[in-house]
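# Remarks on the overall topology
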2 protein chains.
Amino acid sequence: MSQLQRITIDPCQIQETQLFLTPQQQHYLLRVLRSRDGDKFIAMDGIGNWWLAQLIGEQGQILEPLEVKTELPVSITLMVALPKGNGFDDVVRCCTELGVTCIAPVLSDRTLLNPSPQKLERWRRIASEAAEQSERAFVPTILEPVAFSTAINECASTHRYICEARGDYPHLRTVLNKFSGEIIIAIGPEGGWTDQELEIAIKSGFEPISLGRRILRAVTAPIVALSLIAATCEV
Amino acid sequence: MSQLQRITIDPCQIQETQLFLTPQQQHYLLRVLRSRDGDKFIAMDGIGNWWLAQLIGEQGQILEPLEVKTELPVSITLMVALPKGNGFDDVVRCCTELGVTCIAPVLSDRTLLNPSPQKLERWRRIASEAAEQSERAFVPTILEPVAFSTAINECASTHRYICEARGDYPHLRTVLNKFSGEIIIAIGPEGGWTDQELEIAIKSGFEPISLGRRILRAVTAPIVALSLIAATCEV
């Protein structure tokens, strides 16, 4: 099974076999994902159409349409603060089963440790195994951990949410009613985001949301968020 | 209030404004949490009542009852086939966080082992801890494991669903639109229910439903189901 990167495009970006990438998509593919000339990736239009594409310089070339039955019709990036212990293994495993596109581990003010490169390899292996077990067509991308402030500046999706356990924010389920295409959801560590982190995220365009009235562990919250997003897209 | 320590008590421990703590509770408050004379904490009886209490020496003093907002307005029974290994610990922990009312472990045709009584004690302790951590007012009930055929005959709710990974069944999210009051949801083991089990359940009034197009592990499926039910009730 291929571990291909995935981007969401507007159908009008395709002209015959040419895929005209936006500056944001070029930045994402070349800088964030470090794709190189000739690398293959998947272009999806957010409404169920998929194409295998190839990076030629800074533009895309459509190779063939793909038939996909077990993938969500949207792109979901989970930005998640690294929890203590081995909790992140479960986050990667469960969220892969639930259809996540990209997992971006972030170091937050309350994250204790910077993980070793071995950890990243381990998470990628878990994602690959979980993708196979759940009969997905693609393996989600696991990015290298970066600081939260770096991560929030690198993403440009229109649908960006940050989960906050305390405070009177709308439930994720209610905001999902108006959602399609691409979504980025940020979930904090044990103890939650600091006030400052929340403030920075909101200023950067993230909408604060709630996952319900109970306090969820850092490992449970991403699974809940993915469950709700996947169910909304598939039904 | 949210920052106060919480302990689960039996209502008979309260006499007027006196709260008689057990040696375990004294140990937890004084040694584990290092509470001091005069410190406030929350006592909850596991059936919806919360009190603000204060530590006086090694005993508690009830100060006032508290209003509880973290419980779901419905009753959810999760009937779940015991998975392999320690997976059930995670099911109990996560589903308690998500607001489950009762967990009924069942032995299915593909369940390998009958768990020891120590396991049941362990799950009840996990449920109690998870209820405290997630700030619930109720500790969910964990029933003793019984055969699947026994369990399905013991339940009489009008809303009964059985999850099945294969087959073209409606998504849980769609059937939840017509739901209120009380729900029973049955989730199978690794490898799924046998055809015979599914048939028996359907004959007994269970409606087969899907949790999405990917194959979920036995540990993930209950968390997904609870996420969807909880979000539907709370929004």
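What you see is a predicted model, and the numbers here were worked out from it, not measured in a lab.

### Let's talk about the pattern of salt bridges
Throughout the structure, instances matching the rule amount to 17 salt bridges over all chains. Between E71 of chain A and R6 of chain A there is a salt bridge, and its shortest N-O distance comes to 2.6 Å. With a gap of 65 residues between them, E71 of chain A in the loop between β6 (59-66) and β7 (75-81) and R6 of chain A in strand β1 (residues 5-8) connect regions that are remote in the sequence. For the residue pair E71 of chain A and R6 of chain A, the accessibility class agrees, reading buried in each case. Salt-bridge contacts for E234 of chain A lead to R214 of chain B; the nearest nitrogen and oxygen are separated by 2.9 Å. Residue E234 of chain A is found in helix α7 (residues 220-234), and its partner R214 of chain B is found in the loop between β13 (207-209) and α7 (220-234); the two belong to separate chains. Residues participating in the shared-partner salt-bridge network are R6, E71 and R136 of chain A.

### Comments concerning the domain arrangement of chain A
Residue and element names in this part refer to chain A. Assigned domains of chain A: these are domain 1 (5-66) and domain 2 (75-234). Computed from C-alpha atoms alone, the centre-to-centre distance between domain 1 and domain 2 is 24 Å. Between domain 1 and domain 2, the residue contacts involve 14 residues of the former and 12 residues of the latter. Between domain 1 and domain 2, roughly 980 Å² of surface is buried when both sides are summed, and carbon and sulfur atoms account for 58% of that area. Three residues, R6, T8 and V32, lead the burial of domain 1 against domain 2; their summed loss comes to 43% of the area buried on that side. At the surface where domain 1 touches domain 2, the tally comes to one salt bridge. Across the salt bridge formed by E144 and R34, the nearest N and O atoms sit 3.8 Å from each other. Taken together, the links from domain 1 to domain 2 amount to one residue pair in polar contact (both at pLDDT 80 or more).

### Let's talk about the interface of chain A and chain B
Opposite the 35 residues of chain A that make contact, chain B presents 36 residues. In total, chain A and chain B occlude about 3200 Å² of area from one another, counting both sides; carbon and sulfur atoms represent 51% of this. On the chain A side of the interface with chain B, the three residues burying the most area are R173, R213 and R214 of chain A, jointly 23% of the side's total. At the junction of chain A with chain B, the criterion picks out six salt bridges. Where chain A packs against chain B, one counts 17 residue pairs in polar contact (both at pLDDT 80 or more). In terms of residue count, α7 of chain A provides more of the side of chain A that touches chain B than any other element does, nine residues in total. Residue composition of the side of chain A that touches chain B, grouped by class: 11 nonpolar, 11 polar and 13 charged.

### A closer look at the sheet that holds strand β4 (residues 40-44) of chain B
Residue and element names in this part refer to chain B. Taken in spatial order, the six strands of this open sheet run β1-β4-β5-β6-β3-β2, and their pairing is mixed. At either margin of the open sheet sits one strand with a lone partner, and together these are β1 (6-8) and β2 (14-15). By the bridge criterion, two bridges tie strand β3 (residues 18-19) to strand β6 (residues 59-66) in an arrangement that is antiparallel. Bridge assignment links Q18 to a residue of β6, and that residue is Q61. Sheet strands touched by helix α1 (residues 23-32): β1, β4, β5 (50-56) and β6. Its angle to β1, the strand with the most contacts, is close to 170°. With respect to the sheet, helix α3 (residues 117-133) is in contact with β1 and β4, its orientation differing from that of β1 by roughly 145°.

### Side note on the nonpolar core
In this structure, L172 and I185 of chain A together with L172 and I185 of chain B are the most contacted members of the largest nonpolar core, which totals 92 residues. I7, I14, L19 and L21 of chain A belong to the second largest nonpolar core, which has 18 residues in total.

### Some thoughts on empty space enclosed by the protein
Applying the stated rule across the entire model yields four cavities of 30 Å³ or more. Approximately 60 Å³ is the volume found for the largest cavity. Taken together, R173, L176, L228, A231 and T232 of chain A together with R173, L176, L228 and T232 of chain B form the lining of the largest cavity. Counting residues per element, the ones that place at least two in the lining of the largest cavity are α5 (172-176) and α7 of chain A together with α7 of chain B. Considering each element in turn, the lining of the largest cavity owes the most residues, three residues, to α7 of chain A. When the residues that make up the lining of the largest cavity are grouped by side-chain class, the tally is five nonpolar, two polar and two charged.

Cut-offs and rules
Position numbers for residues start from 1 in each chain and track the written sequence from start to end. Starting at A for chains and at 1 for ligands, labels are handed out in the order in which the entities are written. Predicted model: local features are reported for residues with pLDDT of at least 70 only, side-chain atom pairs are reported and counted for 80 or more only, and whole-chain, interface and lining totals are derived from all residues. By convention in this description, side-chain values take in all heavy atoms of the structure and omit both hydrogens and water. The salt bridge definition used is simple: a Lys or Arg side-chain nitrogen within 4 Å of an Asp or Glu carboxyl oxygen. To qualify as a helix, a DSSP run of H or I must reach at least 4 residues; to qualify as a strand, a run of E must reach at least 2; elements of each kind are numbered from the N terminus. Burial classes: relative accessible area under 20% of the type maximum marks a residue as buried, over 50% as exposed, and values in between as partly exposed (1.4 Å probe, protein chains only). How far each domain reaches was decided by an automatic or database domain assignment. Only heavy atoms enter the contact rule, under which two residues are in contact if any of them lie within 4.5 Å. The quantity reported as buried area is the accessible area (1.4 Å probe) lost by two parts once they are put together, taken as the sum for both. Pairs of N or O atoms are called polar contacts if they sit within 3.5 Å, as long as, within protein, a hydrogen donor faces a hydrogen acceptor (for residues adjacent in sequence, only side-chain-to-side-chain pairs). Polarity classes work like this: nonpolar for Ala, Val, Leu, Ile, Met, Phe, Trp, Tyr, Cys and Pro, charged for Asp, Glu, Lys and Arg, and polar for all others, with Gly in that last group. Any two strands between which DSSP finds at least two bridges are classified as paired. Fitted lines through C-alpha atoms give the axes, limited to the stretch in contact for helices. The angle between two N-to-C directions lies from 0 to 180 degrees. Nonpolar cores were defined as sets of buried Ala, Val, Leu, Ile, Met, Phe, Trp, Tyr and Cys residues, with membership established by side-chain atoms within 4.5 Å. Using only the protein atoms, space was sampled on a 1 Å grid; points where a 1.4 Å probe fits but cannot get out form cavities, open sets with protein on both sides within 12 Å along at least five of seven lines form pockets, and lining residues are those with an atom within 4 Å of a point. Grid points are joined across faces, edges and corners, and a volume is the space filled by probe spheres set on the points.

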